[in-house]
Amino acid sequence: MNHLEAIPLWLAVPVALLLVLGSTLTMLGTIGLVQLRSFYDRLHAPTLGTSWGTAGIILASMLLFSLTQGRPIVHELVIGGFVMITTPVTLLMLGRAALHRDRAEGTKGVPGAEPPPDPQTDAPEA
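Everything quoted here is computed from the prediction, not taken from an experiment.

About the cut-offs
- Residues numbered from 1 in each chain as written.
- Predicted model: local features only at pLDDT ≥ 70, side-chain atom pairs only at ≥ 80, totals over all residues.
- Heavy atoms only, no water.
- Helix = DSSP H or I, 4+ residues; strand = E, 2+ residues; numbered from the N terminus.
- Buried < 20%, exposed > 50% of the residue type's maximum accessible area, 1.4 Å probe, protein only.
- Contact = heavy atoms within 4.5 Å.
- Areas by Shrake-Rupley, 256 points an atom, 1.4 Å probe, with all protein chains shown as cover.
- Phe/Tyr/Trp six-rings, centres within 6.5 Å; stacked < 30°, edge-to-face > 60°.
- UniProt positions renumbered as here; feature names shortened; annotations may be inferred.
- Salt bridge = Lys/Arg side-chain N within 4 Å of Asp/Glu carboxyl O.
- Expected span 1.5 Å × (residues − 1).

K.L.:
Please provide a residue-by-residue account of the overall build of the protein, values included.
P.N.:
Per the secondary structure count, the protein includes 4 helices and 0 strands. By the burial criterion, 25% of the 126 residues in the protein qualify as buried. For the protein, long-range pairs separated by at least 24 residues make up 61% of all intrachain contacts whose partners lie at least 6 apart in sequence. Total accessible area on the protein is roughly 9,200 Å²; 69% of this is exposed by carbon and sulfur atoms.

Laid out in structure tokens, this is it:
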């Protein structure tokens, strides 16, 4: 008999739901990364998948192993904390670097690439 067969139903259901939720969010982030065309659009999809998808999987793992080992398992919170902190910060820095590069190259359609019009010099004469 496998030790996982002895898991009560009241624990198996939330663990399964958290695993499905975390896996779904991770899959959606991956699909968004592949499907979206612009680099700036692609920045948002992996953040959702990595941070909240990982959180669901880590919570499921914490619940399951806390019961099977008979003690609270909290060291996985460190992993989750690092993922939740570093992923958005990393993607923010990637976005800023890309924006700086596009502004320096004068790419059209990038905010701040050309100076905004001056309302006093561009105003129609009365």
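K.L.:
Describe the packing of aromatic side chains, naming the residues involved and giving the relevant values.
P.N.:
Inspection of the entire model under this criterion finds 1 aromatic pair. Centre to centre, the rings of Phe39 and Tyr40 are 5.9 Å apart; their planes meet at 75 degrees, and the pair counts as edge-to-face. Judged by its relative accessible area of 28%, Tyr40 is partly exposed.

K.L.:
If you had to explain the UniProt feature "transmembrane region" (unreviewed entry) in the protein to someone new, which residues and values would you point to?
P.N.:
What UniProt calls "transmembrane region" (unreviewed entry) maps, in this numbering, to residues 12-36, 48-67 and 73-94. Between the end C-alpha atoms of residues 12-36 the distance is 36 Å, and the span holds 96% helix and 0% strand. Taken end to end, residues 73-94 has its terminal C-alpha atoms 34 Å apart, with 86% of it in helix and 0% in strand.

K.L.:
So what's going on with the environment of Leu28? Which residues, and what values?
P.N.:
Within the secondary structure layout, Leu28 lies in helix 1 (residues 9-35). Among the residues examined, Leu28 registers a relative accessible area of 44% and is labelled partly exposed. Along the primary structure Leu28 and Ala45 are separated by 17 residues, whereas in three dimensions their C-alpha atoms are 7.4 Å apart.

K.L.:
Kindly report on the pattern of salt bridges, identifying the contributing residues and their values.
P.N.:
Throughout the structure, instances matching the rule amount to 1 salt bridge. Of the charged contacts, one joins Asp102 and Arg101 as a salt bridge, the two residues approaching to 3.2 Å between their closest N and O atoms. Of the residues examined, Arg101 reaches a relative accessible area of 44% and is grouped as partly exposed.

K.L.:
Go over helix 4 (residues 76-105), please, and point to the residues and values.
P.N.:
In this model, helix 4 (30 residues) spans 43 Å end to end at C-alpha, consistent with the 44 Å of a helix rising 1.5 Å per residue. Glu76, Gly80, Val83, Thr87, Leu91, Gly95, Ala98 and Asp102 are the residues of helix 4 that are buried. Each element contacted by the buried residues of helix 4 is listed here: helix 2 (39-42) and helix 3 (44-69). The positive-phi residue at the C-terminal boundary of helix 4 is Gly106, with phi of around 75 degrees.

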